[in-house]
Amino acid sequence: MSERTLEEMRAAYEALESRISAACVQSNRSRESVKLIWVSKFHPIESVRIAEKLGATDFGENRVQEAVEKFTERDPKIHCHVIGPVQSNKLKKAALVADCIHSIASVEAVEKLEKVCAEAGKTLDILFQVNAGEEETKSGLEIHEAESFLLNLENHAPCPHLRYRGLMTIGKNTGVAEDSRECFAFLRSLQQKMLARGGIFEHFDELSMGMTGDLEVAIEEGATMIRVGTALFGERDYGQKA
Ligand SMILES: *Cc1c(COP(=O)(O)O)cnc(C)c1O
């Protein structure tokens with residue numbers, strides 16, 4: 001597998017933009033209401049640079065170490081999203097490199113992030129991951145516990161260095177995009193419910209859902225961030241770095 005050239009990535013980006021625009025039209029939403037996150041995991045920094053030439057500003061990485069390597073030094077207009085599960089001993093690194101972490105699912109992680117961000121004098125956006133597809137292999141809060149988990153945060157000591165921005169999920173990944181509609185709709189209803197509470201949830205307006213295979217359904221169900229890798233960068237070469 002070889003990395004895409006500028007012209008190849010431009011063509012892929014244009015094709016993707018048509019998909020996104022069509023889904024926005026279909027659901028009566030503005031294109032600006034959906035942020036595209038370029039998932040550059042397993043692709044080299046050269047491919048990130050090409051994406052930047054095409055106007056990419058938001059990148060997603062699954063693994064903290066890879067995020068650190070590619071995004072520690074970056075232009076201030078470039079935003080780094082950590083989208084994969086983060087082990088407790090990597091939370092500090094993740095907090096320091098990321099503008100937003102999408103995969104938080106425990107109070108311990110919240111506490112540790114608050115501590116690290118307070119020390120660093122930084123405010124970090126976080127999203128809570130819900131295992132809405134209910135798959136054993138996926139991490140995140142289980143559907144039945146997600147709401148009570150969030151409500152419990154209201155009784156927790158304040159975390160002035162964290163901004164609770166919303167929810168993230170990974171769809172069903174069955175190959176049939178429609179299969180994810182129900183879990184995306186669940187995520188939106190929970191996010192809306194929390195946002196309506198205000199208080200610590202006053203900024204809870206983001207829904208990170210939809211990938212290469214199911215982004216149209218996610219946009220129709222209210223995604224404000226879609227995380228797209230394969231459609232932009234091509235297939236990933238897991239063999240090389242895994
Ligand atoms: C890899 C990954 C993506 C991107 O998936 P594609 O199918 O390549 O678009 C999105 N979200 C998460 C959490 C991922 O790990």
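About the cut-offs
- Residues numbered from 1 in each chain as written.
- Predicted model: local features only at pLDDT ≥ 70, side-chain atom pairs only at ≥ 80, totals over all residues.
- Heavy atoms only, no water.
- Helix = DSSP H or I, 4+ residues; strand = E, 2+ residues; numbered from the N terminus.
- Rg over C-alpha atoms; globule rule 2.2 N^0.38 Å.
- Buried < 20%, exposed > 50% of the residue type's maximum accessible area, 1.4 Å probe, protein only.
- Contact = heavy atoms within 4.5 Å.
- Lys, Arg positive; Asp, Glu negative; His and termini not counted.
- Charge placed at Lys NZ, Arg CZ, Asp CG, Glu CD.
- Near = heavy atom within 4 Å.
- Polar contact = N/O pair within 3.5 Å; in protein donor to acceptor, adjacent residues only side chain to side chain.
- Nonpolar A, V, L, I, M, F, W, Y, C, P; charged D, E, K, R; others polar.
- Phe/Tyr/Trp six-rings, centres within 6.5 Å; stacked < 30°, edge-to-face > 60°.
- Lys NZ or Arg CZ within 6 Å of the ring centre and 35° of its normal.

Turning next to the overall build of the protein. Helix and strand counts for the protein come out as 10 helices and eight strands. Relative to its length of 242 residues, the protein is compact, with a C-alpha radius of gyration of 17 Å against a globular reference of 18 Å. The 242 residues of the protein split such that 47% are buried. For the protein, the proportion of contacts with a sequence separation of at least 24, taken over those separated by at least 6, is 59%. Computing the positive centroid from 30 side-chain charges and the negative centroid from 39, the protein places the two 4 Å apart.

Let us look at unusual backbone geometry. Here Phe-42, not a glycine, exhibits a phi torsion of approximately 70°, which is positive. By secondary structure assignment, the location of Phe-42 is in the loop between strand 1 (35-39) and helix 2 (45-53). Using a relative accessible area of 9% as the deciding quantity, one classes Phe-42 as buried.

Quick look at the site of the ligand now. In the vicinity of the ligand, the contacting residues are Val-39, Lys-41, Asn-62, Ile-83, Ile-170, Met-211, Thr-212, Arg-227, Val-228, Gly-229, Thr-230 and Arg-236. Within the side chain of Thr-212, an N or O atom sits 2.6 Å from an oxygen atom of the ligand. For the shell around the ligand, the per-class residue count stands at five nonpolar, four polar and three charged.

Evaluated as defined, the whole model comprises nine aromatic pairs. Ring geometry for Phe-128 and Phe-204: centres 6.5 Å apart, planes at 35°, overall tilted. Taken together, the positions of Phe-128 in strand 5 (residues 124-129) and Phe-204 in the loop between helix 7 (181-197) and strand 7 (206-208) put the pair 76 residues apart, joining distant regions of the chain. Like Phe-128, the residue Phe-204 is buried in the burial classification. Plain terms: the ring middles of Phe-201 and Phe-204 are 5.0 Å apart, the flat faces sit at 80° to each other, and that makes the pair edge-to-face. Using a relative accessible area of 0% as the deciding quantity, one classes Phe-204 as buried. Sitting over the ring of Phe-42, Arg-63 keeps its end group 4.4 Å from the ring centre.

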